[in-house]
Amino acid sequence: MSDAVQPTAAEVRAAAEAVKTALDRHLAAVERRSGEDDPAVYEAFNQLAAAAEIYDELLYDRYDEVTPFEIPGAEDALPPYTGPEEPSALSVLIRRDYAVVEPQRLMAQAQRVEAADPGDGTDDAEASGTVHGALGILFGEFEPDEIASRHKEFGLEEGDSTLWVTASDDQADPGEWLEAPFEGIDPQRVICRFDVSAVFDEDVDDVDDDADEADEDVVDDVDEDDDVEDDLDTELDEDEDLEPLDSDR
């Protein structure tokens, strides 16, 4: 970051004081909470998370340092549920992100769809020659779940995904929300949500790295055993090929 936009020491100090204030408010809300899903605790949590994030950013920009704390963002937590106890209707909201990593594969798959059902062959032929046109053809031909399970075949790479189940008092009339299907979602009517993201694997990767380091230490102590295993592998390679296992068994 350039010196022109670098925060001052006073701004960092003020952000630190804001974290202290938010921390006191959060503790006070927890001490006074009326139940497991007290909205005051939820609000204080969000204020603390926001203050901590600002402080962390300013601290890094000014001093190239970070805090040792990781507070889940507000979007990762649901507010207390205030919808009907016995919903008579529900909505399922799904978002899946993809990166187009192989455009040629994507367009080739769209052309295969056209070849199987050519129609008049005019507009579709032009559409399959572009990425956005090919996407329209494939998503029009396959169900989203099928594309999710076969995304590599279509030249796509999975990103984050989320699924929200929200409660409604009554089922909407046909066509009522089609113009703006994702607007006006009340977080307090979300019954449950399920998120998939690569960031959830980072902690697991860290543990695996530590385990790998420990394994390396053990391997250093048993080099002689490895030499014996290598000899055995060589002998197996010189033997006749084993009969493949019957997959039906």
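Before reading on, note that the structure itself is shown above.
Here goes a summary of the coordinates provided. (Residues numbered from 1 in each chain as written. Predicted model: local features only at pLDDT ≥ 70, side-chain atom pairs only at ≥ 80, totals over all residues. Heavy atoms only, no water.)

1. Observations regarding the overall build of the protein
Within the protein, the regular secondary structure consists of eight helices and three strands. Counting from the amino terminus, the protein carries its helices and strands in the arrangement α-α-β-α-α-α-α-β-β-α-α. Residue burial in the protein is summarised as follows: out of 249 residues, 20% are buried. Restricting to contacts in the protein with at least 6 residues of sequence separation, those with at least 24 account for 73%. Only carbon and sulfur atoms are counted for the fraction: they give 50% of the accessible area of the protein, which is about 18,900 Å². (Helix = DSSP H or I, 4+ residues; strand = E, 2+ residues; numbered from the N terminus. Buried < 20%, exposed > 50% of the residue type's maximum accessible area, 1.4 Å probe, protein only. Contact = heavy atoms within 4.5 Å. Areas by Shrake-Rupley, 256 points an atom, 1.4 Å probe, with all protein chains shown as cover.)

2. Examining unusual backbone geometry
Even without being glycine, Asp 64 reaches a positive phi, approximately 60 degrees. You can see Asp 64 is positioned in the loop between helix 2 (39-63) and strand 1 (89-100). Assessed through its relative accessible area of 53%, Asp 64 is described here as exposed.

3. A closer look at the pattern of salt bridges
On inspection of all chains with the given rule, the structure shows eight salt bridges. The partner of Arg 96 in a salt bridge is Asp 145, with the nearest N and O atoms 2.7 Å apart. Of this pair, Arg 96 sits in strand 1 while Asp 145 sits in helix 6 (residues 144-149), placing them 49 residues apart in sequence. Exposure remark for Arg 96: the relative accessible area of 31% places this residue in the partly exposed category. For Asp 145, a relative accessible area of 54% gives the class exposed. (Salt bridge = Lys/Arg side-chain N within 4 Å of Asp/Glu carboxyl O.)

4. With respect to the packing of aromatic side chains
A complete count under the given rule lists one aromatic pair for this structure. Centre to centre, the rings of Phe 142 and Phe 154 are 5.2 Å apart; their planes meet at 40 degrees, and the pair counts as tilted. Of this pair, Phe 142 sits in the loop between helix 5 (131-141) and helix 6 while Phe 154 sits in the loop between helix 6 and strand 2 (156-168), placing them 12 residues apart in sequence. (Phe/Tyr/Trp six-rings, centres within 6.5 Å; stacked < 30°, edge-to-face > 60°.)

5. Overview of the side chain of Glu 114
Here Glu 114 shows up in helix 3 (residues 103-116). Comment: no salt bridge for buried Glu 114; closest opposite-charge side chain is Arg 112, at 11 Å. Among the polar contacts made by the side chain of Glu 114, one reaches the side chain of Ser 128 at a distance of 3.0 Å. (Lys, Arg positive; Asp, Glu negative; His and termini not counted. Polar contact = N/O pair within 3.5 Å; in protein donor to acceptor, adjacent residues only side chain to side chain.)

6. Comments concerning the packing of helix 3 against helix 5
At their nearest, the axes of helix 3 and helix 5 sit 9 Å apart, and the two run at 50 degrees to each other. Between helix 3 and helix 5, the angle falls in the class oblique. The two elements helix 3 and helix 5 cross, and the hand of that crossing is left-handed. Residues Pro 103, Leu 106, Met 107, Gln 109, Ala 110, Val 113 and Glu 114 of helix 3 touch helix 5, and the partners they reach there are Val 131, Ala 134, Leu 135, Ile 137, Leu 138 and Glu 141. The class makeup of the residues in the contact of helix 3 with helix 5 is 10 nonpolar, one polar and two charged. (Axes fitted to C-alpha atoms, helices over the stretch in contact; angles between N-to-C directions. Parallel < 35°, antiparallel > 145°, perpendicular 65-115°, else oblique. Left-handed = near helix turned anticlockwise from the far one by under 90°. Nonpolar A, V, L, I, M, F, W, Y, C, P; charged D, E, K, R; others polar.)

7. A closer look at the pairing of strand 2
Summarising the sheet, strand 1 and strand 2 pair through 11 bridges and their orientation is antiparallel. Across the sheet, the residue bridging to Tyr 98 is Glu 158, located in strand 2. Strand direction decides the pairing type here: strand 2 and strand 3 (residues 190-196), joined by six bridges, are antiparallel. Bridged to Trp 164 within strand 3 is Arg 193. (Pairing = 2+ DSSP bridges.)

8. With respect to the sheet that holds strand 1
Strand order in this open sheet of three strands is 1-2-3, and the pairing throughout is antiparallel. The open sheet has two edge strands with one neighbour each: strand 1 and strand 3. Taking each pair of neighbouring strands and ignoring which way they run, the sheet shows an average axis angle of 10 degrees.

9. Comments concerning helix 5
Those residues of helix 5 not exposed but buried are Gly 133, Ala 134, Ile 137 and Leu 138. Buried positions in helix 5, seen along its axis, are confined to an arc of 130 degrees and lie on one side of it. Residues of helix 5 that are exposed and point over 90 degrees away from its buried face: His 132 and Gly 140. Structurally, the start of helix 5 carries an N-cap: the backbone nitrogen of Gly 133 is 3.1 Å from a side-chain oxygen of Thr 130. (Arc of directions from axis to C-beta.)

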